[in-house]
Amino acid sequence: MEKTEVFKGDPGDDVDALQLIRNYLKYWYLFLISVILCGGLAFVYLYLATPQYRVFSTILLKNDENPTGGPRGEDIAALNPFTTKQNIDNELEVLNSKSLMHRVFTELSLYVTYHVEEKFKTREIYGAELPIKLSVTKLHPTADGQEITIRRRTSTMYSITEKDGKVTNHKYGEEISMPYAIFTVIAAPLDSASKLDRRTQQPIIIKFHEIAKAANDYNKLLKIEAVNKRANVIRLTLIESVPEKGKDIINKLLEVYSKEALEDRNAFANTTIQFIDERLKYLTSDLTNVEKDVEQFKRQHEVTNVTADADQYLKQASTYNQQLTELDNQIEVLESLEDYLKGQTGKYEVVPSTLSIPEPTLESLINKFNDLQLEKERMLRTALPSNPLVQDLNDQLATLHLSILENLHTIKQGLAITRKNMQSTTGRFRSQINKVPSIERELLEINRQQGTKENLYLYLLEKREQAALALEATVSKSRTLDPALVEDKPVSPKKSLTYLFALVVGLGIPFSGIYIKNALNNKIQTKRDVQRLTRTPILGEICRNTTGASLVISKDSTTPLAELFRLIRSNLYFATAGTENKVLLVTSTMSGEGKTFFSINLGASLALIGKSVVVLELDLRRPTMAKQLGIKPGLGITNYLIGMEKYSMEDIIKQHKTVRGLFIALSGSIPPNPSELMTSKNLANFIKDLRERFDYVIIDTPPIGKVADAFSLNAVADCTLYLMRYNYTTKPQVELIDDIYVNKKFPHPMIVINDSKEVSGYGYKSHEAEKEQISLINL
C-alpha cells in the first residue's frame, strides 16, 4: 500500500502545471480572438471617450499676526476685531460652499455650454474656440436641459433650430425671446473667427443649464484639501474635460473667495464706523456736562486741587502742633523752676539754667542770683554767717529770689495765652482737614465719570481709525501660490491602462470560460484528476484512435498509438515481474471506454514479442468483438460452456488472420442467464485449460458499473486492467476503482486511461513512462 502511494504522487507539481497550461493553450485561438476584440473595443472607447484633465491651484492663508514674533501684542490683536486668526478648516468649508460656486458660474456665464459634433461624438468648445457667444438677459428655471442648434448663414445672419425641428433666421445682435430664456447671439471677433473659417458653417449646439444645479455638480467634482497639518496651504483640484474652462473656474473661485472676504470685512467695518459715530455724538455731550460739573464743584468748595490743598493744611497743622509741644515744654520747665525756687525757704542754692526758654530778663536774674550765691559761699569759708557782709548778701539774694518768681509767673502766663491762641488755630486747620475726604470723594466720583467717558471716547476713536484703515485696505487674506495649472496628460482615460485592461479582460474572458467549463465538467480531463481521486496505480495511457481500425499495432507500425501499447506492455512486464501474470482481466465502469479495443491490441502487442495470446470475449450481454475485427459471428464461449460434449476448444478459438500467435474466442450466442454462466465451474475450468496452453489469457468483461459479471472472475485472474476514458469517465466513477483497490475486490488492479489527445510523436511522455516503470517495479 505504501509503495502504491509513492507511485501516485510521483508525477509532481511541474507536470500538473504543464498539463494545466496545455489545457488552456489548446484554446489559443479563443484567447487571440478575445484579445483582438477587447483591443478593438479599447480603441473605440479611447476614441469616443472625452479626455479628462486635472486642473489644480494652491493658495496660502495669511494670519494677521506679528511675523517677527515680537510683542506686537496679543492684547492689541484681541482688542482689534479686524485682526483675526483664520481657521483652515473653516476656510476649506467656505471654499467648498455652494454659494461661492454659484457666484462663479454666474460671473462666468456657465449656464450656457457650446458643443460641436465630430465623428461619432460631441465635443464641448470654450473660450477662443467659440465662433459665437450668447448674452443671456433672462433665464427661466425651465431652461435646464433645453437645447438649440445655431448655423451660421452669412456674416450677419444665422439660423436657430429648436428641439422640435423649428428653424428661424435672425441677425447677430438681435434679442431672441424664448419661453425659457431671452438672449442675444454675438459673433466672434474677426481675428478669432478667422481661425475658425473652415468651421463657420459647422452647427453649434447650445445647451442651457439651471445654474444652481450646474454649480452643485461642479462643486462635487471640486476637491479642496490642506497640503499638510503644519502649513496654511490649501490645494484645489478639479477634473475637467475642457482645460481652459477648468482654469477659469478655479481662478474665478479664488477671485470670488478673496472678493467676498473683503466684502465681508468692509461691510463689518462700515457697520462699525456707523455705530462708533453715533456713540461719539452721545459721549461728546456727556463729557461736556461732566466737565461743567467739575468746574462748579471746585468753585463751590473753593478748591483747585484737593490733594495739594490737603497737603498744605497738613503741613501747617503739623507746624502748629510742633510749636504747641515746644510751648508745653517751656511751661513745664518754668513750673519746675518755680517749684524749685519755692522750696528754698531762707536757705538758697544755685538755680538751674533755663536754656530751653529764650527769656533774657529771667536769664539775667538767674545769672545774678547764682553769682551772689557763689560769692556768699566763698565768704562763708572765711567769715561767720552773722557777718554784716554775709547779711547783706542774704538780703540781696532774697530780693532776687522774689524777682525771679515774679518773672517766672509773668512768663508762664504769656506762654499760656500764646498756647491757647495756637490751639484755636490748630483746631481750625483740623476742621479743614476733616472736610478733605468728603470733598475728595465727591470730586473723585465726578472725575471717575469724566475719566470713564474720556477712555471710552478715546477707545471708540481708536476703533474708528482701525475700521477706517480696514475699509481702505484691499489686501486679500489669501495669497495665490500657483494659479490654475493643467497637467499635460489626461487623468482619464489613460491609454496604457486602458489597453492593459483590455489585454487582461481579453485573456480573462476565455480563461474564465474555460475554467468554468472545466469546473462544471465532472469528467476526468487529466491523469492528475485520476491520481487525486484514487490510489490505484496507473499502468499507462493510450491516445485517440484516428484510423478507424480496430487493430492498430503490427510488427512494422510506429504510430504513437502503437508505441503507447508497447509502453503499456513494458509497464505490465515490470509491474508483474516475479509473479505469474497469465490471466489479465480487462474491465471498466461503463460501455464505450474501449475495453474490447484495448484487449485486442494488447493481445497483438504481446503476440508480436513471440507470446501466445488468447483474447476471450466474455461480455456475453453486448458482444462487439466480431464486428470490430470484421469477422463473421459463429460458435463461441457460450456455445462451448453450454454444450461441452458437442464442442471442443478448437471449435471456438480462432487464429487471427494477420497477427501470428494471437487467438480470438468470441462470446457466441447471447445466453438467457449470463450471470449464472459466468459463475459456472465450466468457465473456471475453461480458463484453467487456457492458462496451460497460452502464455497470456486476456478476458474482455462487461463493465462493472452496470453488471457484476466481472466480479465472478476475480478468482481466476492474475491481474486486473481497469479502462477509463478522458472526457467520458466521470469523476464519481473513479471512486469505484478506488473502492476495488482498497478492498482488494480484484487481483492487482491497474488503470489504463484511453483517448488521450497529447501525442508528440516518437518519445511520447518518456519522462512519465520512466517514472511509471520505476513505480511499477516497486509494486
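Cut-offs and rules
- Residues numbered from 1 in each chain as written.
- Predicted model: local features only at pLDDT ≥ 70, side-chain atom pairs only at ≥ 80, totals over all residues.
- Heavy atoms only, no water.
- Helix = DSSP H or I, 4+ residues; strand = E, 2+ residues; numbered from the N terminus.
- Buried < 20%, exposed > 50% of the residue type's maximum accessible area, 1.4 Å probe, protein only.
- Contact = heavy atoms within 4.5 Å.
- Areas by Shrake-Rupley, 256 points an atom, 1.4 Å probe, with all protein chains shown as cover.
- Pairing = 2+ DSSP bridges.
- Axes fitted to C-alpha atoms, helices over the stretch in contact; angles between N-to-C directions.
- pLDDT = per-residue confidence, 0-100.
- Phe/Tyr/Trp six-rings, centres within 6.5 Å; stacked < 30°, edge-to-face > 60°.
- Lys NZ or Arg CZ within 6 Å of the ring centre and 35° of its normal.
- Patch = residues over 30% accessible without salt bridge, like charges linked within 9 Å, V, L, I, M, F, W, Y side chains within 5 Å.
- Salt bridge = Lys/Arg side-chain N within 4 Å of Asp/Glu carboxyl O.
- Parallel < 35°, antiparallel > 145°, perpendicular 65-115°, else oblique.
- Nonpolar A, V, L, I, M, F, W, Y, C, P; charged D, E, K, R; others polar.
- Left-handed = near helix turned anticlockwise from the far one by under 90°.
- Core = buried A, V, L, I, M, F, W, Y, C linked by side-chain atoms within 4.5 Å.

### Things to note about the overall build of the chain
Counting its secondary structure elements, the chain contains 23 helices and 21 strands. Across the 779 residues of the chain, 41% fall into the buried class. For the chain, the share of sequence-separated contacts (at least 6 apart) that also reach a separation of at least 24 residues comes to 78%. When the accessible area of the chain is evaluated, it comes to approximately 43,500 Å², of which 54% is carbon and sulfur surface.

### Quick look at the sheet that holds strand 19 (residues 696-700)
If you trace the 8 strands from one edge of the open sheet to the other, you get 14-21-20-15-19-16-18-17, paired in mixed fashion. The sheet is open, and its two edges are formed by strand 14 (538-543) and strand 17 (653-655), each paired on a single side. The average undirected angle you get between the axes of adjacent strands in this sheet is 25°. Strand direction decides the pairing type here: strand 16 (residues 613-617) and strand 19, joined by 5 bridges, are parallel. Directly across from V614, in strand 19, lies its bridge partner V697. Those strands touched by helix 22 (residues 731-743) are strand 20 (719-725) and strand 21 (749-756), and its axis lies near 165° from that of strand 20.

### Considerations on the confidence of the model for the chain
Residues of the chain with pLDDT of at least 70 account for 83%, and the chain-wide mean is 80. This stretch, residues 1-11, has a pLDDT under 50; its non-local contacts, to residues over four places away or in other chains, come to 21 contacts. Segment residues 759-779: pLDDT under 50, and 39 contacts once partners within four positions in sequence are set aside and those in other chains are kept.

### Looking at the packing of aromatic side chains
In this structure the tally under the stated criterion is 12 aromatic pairs. With a centroid separation of 4.5 Å and 15° between ring planes, the pair formed by Y24 and F511 is classed as stacked. Of this pair, Y24 sits in helix 2 (residues 12-25) while F511 sits in helix 13 (residues 495-520), and the two are 487 residues apart along the sequence. Its relative accessible area of 39% is what places F511 among the partly exposed residues. A cation sits over an aromatic face here: K121 above Y47, 5.0 Å from the ring centre.

### What to know about a nonpolar patch on the surface
A cluster of nonpolar side chains, contributed by W28, Y29, L30, L32, I33, I36 and L37, occupies part of the molecular surface with about 740 Å² of accessible area. Structurally, L37 can be placed in helix 3 (residues 28-48). Residue classification places L37 among the exposed positions, given a relative accessible area of 55%.

### Some points on the sheet that holds strand 11 (residues 223-226)
Ordered by their spatial adjacency, 4 strands build an open sheet running 11-12-1-13, and the pairing between neighbours is antiparallel. The open sheet has two free edges, formed respectively by strand 11 and strand 13 (478-486), since each of these has just one partner strand. The sheet shows a mean angle of 15° between the axes of neighbouring strands, taken without regard to direction. By the bridge criterion, 8 bridges tie strand 1 (residues 53-61) to strand 12 (residues 233-240) in an arrangement that is antiparallel. Bridge pairing in strand 12 links L60 to V233. Here helix 8 (residues 211-221) sits on the sheet in contact with strand 11 and strand 12, set at roughly 120° to strand 12.

### Things to note about the packing of helix 15 (residues 560-575) against helix 16 (residues 595-607)
Interaxial distance between helix 15 and helix 16 falls to 10 Å at its minimum, and their mutual angle equals 75°. Taken together, the axes of helix 15 and helix 16 are roughly perpendicular relative to one another. Two secondary-structure elements touch here, helix 15 through L561, F565, R566, I568 and R569 and helix 16 through F597, F598, N601, L602, S605 and L606. Taken together, the residues of the contact of helix 15 with helix 16 break down into 7 nonpolar, 2 polar and 2 charged.

### Overview of the environment of I637
Mapped onto the elements, I637 comes out in helix 18 (residues 637-642). Along the chain, I637 and L666 lie 29 residues apart, while their C-alpha atoms are 6.3 Å from each other.

### Some thoughts on the pattern of salt bridges
Under the definition given, this model contains 23 salt bridges. In this structure, the salt-bridge partner of R103 is E260, at a minimum N-O distance of 3.2 Å. Here E260 lies in helix 9 (residues 243-300) and R103 lies in helix 6 (residues 98-108), a separation of 157 residues in the sequence. Of the charged contacts in the structure, one is a salt bridge between K527 and E541, with a shortest N-O distance of 3.8 Å. With K527 in helix 14 (residues 527-533) and E541 in strand 14, the pair connects residues that are 14 residues apart, well separated along the chain. Across the pair, exposure class does not vary: K527 and E541 are buried alike. It is possible to trace a salt-bridge network through shared partners that takes in R103, E107, K252, E255, K259 and E260.

### Comments concerning the pairing of strand 15 (residues 583-588)
Summarising burial for strand 15: 6 of the 6 residues are buried, a large majority. Here strand 15 pairs with strand 19 via 4 bridges, running parallel. Counterpart to L585 in the pairing with strand 19 is I699. With 5 bridges connecting them, strand 15 and strand 20 associate as parallel partners. Among the inter-strand pairings, T587 is bridged to a residue of strand 20, identified as Y722.

### Focus: the packing of helix 6 against helix 8
Look at helix 6 against helix 8: their axes get within 9 Å of each other, and the N-to-C directions meet at 120°. Every pair of crossing elements has a handedness; the one defined by helix 6 and helix 8 is right-handed. Contacts between helix 6 and helix 8 involve K98, M101, H102, F105 and T106 on the former and, on the latter, I211, A212, A214, A215, N216, Y218 and N219. Residues belonging to the contact of helix 6 with helix 8 are distributed by class as follows: 7 nonpolar, 4 polar and 1 charged.

### Notes on unusual backbone geometry
For the bond running from S492 to P493, omega is -10°, close enough to zero to count as cis. With respect to the helices, strands and loops of the structure, P493 is situated in the loop between strand 13 and helix 13. Positive phi, close to 60°, is recorded for N727, a residue that is not glycine. On the secondary structure map, N727 appears in the loop between strand 20 and helix 22. In this structure, H748 takes a positive phi of about 40° despite not being glycine. Assignment of secondary structure puts H748 in the loop between helix 22 and strand 21. The class of H748 is partly exposed, set by a relative accessible area of 29%.

### With respect to the nonpolar core
The biggest cluster of nonpolar side chains holds 53 residues, and the ones touching the most others in it are F105, L134, I150, F183, I206, F208 and I234. Tallying contributions element by element places helix 9 first for this core, with 6 residues. In this view, I234 contacts S57, T58, I59, L61, I88, E91, L92, L95, I224, E225, A226 and V227; residues no more than four positions away in its chain are not counted.

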